[in-house]
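# Coordinates in review
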Amino acid sequence: MPNVRIPTPLRKYTQGREEVTIDGETVGSVLDGLEQSYPGIKERICDEAGKVRRFVNVFVGEDDIRFLDNLTTAVKASDEISIVPAIAGG
């Protein structure tokens, strides 16, 4: 099962865990599993249409899913998925 790295602002949904293991064959199914295990977290990652929010980046390994197949990007049990909120500065 892929490991999902949880950013600090979302750890309140995972009881403080910085990494969780969720079963799934695609990034989208892993996010669905994440929501089942930790209700309320997916709406912070995806918008009402089910797409990853503009200010959230999701990586499989070192690859941004926006440059792969987005939520249909296939994942293996050995993959690490990282959820990274964008940081703005001036």
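The rules behind each value
- Residues numbered from 1 in each chain as written.
- Predicted model: local features only at pLDDT ≥ 70, side-chain atom pairs only at ≥ 80, totals over all residues.
- Heavy atoms only, no water.
- Pairing = 2+ DSSP bridges.
- Helix = DSSP H or I, 4+ residues; strand = E, 2+ residues; numbered from the N terminus.
- Contact = heavy atoms within 4.5 Å.
- Axes fitted to C-alpha atoms, helices over the stretch in contact; angles between N-to-C directions.
- Buried < 20%, exposed > 50% of the residue type's maximum accessible area, 1.4 Å probe, protein only.
- Core = buried A, V, L, I, M, F, W, Y, C linked by side-chain atoms within 4.5 Å.

As summarised here, the arrangement of the five strands in space is S2-S1-S5-S3-S4, forming an open sheet in which the pairing is mixed. Whereas interior strands pair on both sides, the edge strands pair on one side only; in this sheet they are strand S2 (19–21) and strand S4 (63–64). In this sheet, S2 lies alongside strand S1 (residues 3–5) in antiparallel orientation, the contact comprising three bridges. In the sheet register, Arg-5 faces S2, and the bridge partner there is Glu-19. Lying over the sheet, helix H1 (residues 27–37) contacts S1, S2, strand S3 (56–60) and strand S5 (80–85), oriented at roughly 75° with respect to S5.

Along the chain, the position of Val-84 falls in strand S5. Here Val-84 falls in the partly exposed class, since its relative accessible area comes to 33%. Taking the C-alpha atoms as reference, Val-84 lies 18 Å from Thr-72; in sequence the two are 12 residues apart. Beyond its immediate stretch of four places on either side in the chain, Val-84 contacts Phe-55, Val-56, Asn-57 and Phe-59.

The next subject is the environment of Thr-73. If you trace the backbone, Thr-73 turns up in the loop between S4 and S5. Residue Thr-73 is classed as buried on the basis of its relative accessible area, which comes to 6%. Sequence separation between Thr-73 and Arg-44 is 29 residues, and the spatial gap between their C-alpha atoms is 20 Å. Sequence-distant contacts of Thr-73, defined by excluding residues within four places in its chain, comprise Glu-25, Thr-26, Val-27, Val-60, Ile-65 and Leu-68.

Take the pairing of S3 next. Counting buried positions along S3 gives four out of five residues, so the element sits mostly inside the fold. Bridge count for S3 against S5 is five bridges, and the pairing is antiparallel. Looking at S5, one finds that Phe-59 is bridged to Ser-82. Both S3 and S4 contribute to a ladder of two bridges, which runs antiparallel. Bridge pairing in S4 places Val-60 opposite Asp-63. Count of turn residues in the S3/S4 antiparallel hairpin: two residues, of which Gly-61 carries a positive phi of about 65°.

With that settled, consider H1. Burial in H1 covers these residues: Val-27, Gly-28, Val-30, Leu-31, Gly-33 and Leu-34. Summarising the contacts, the buried residues of H1 are in contact with S1, S2, helix H2 (42–45), S3 and S5.

Counting 22 residues, the largest nonpolar core has Val-4, Ile-6, Leu-34, Ile-41, Ile-45, Val-58 and Ile-83 as its most contacted members. Secondary-structure elements contributing two or more residues to this core are H1, S3 and S5. Take this core: its biggest share by element is four residues, from H1. Sequence-distant contacts of Ile-41, defined by excluding residues within four places in its chain, comprise Ile-6, Leu-10, Tyr-13, Thr-14, Leu-34 and Glu-35.

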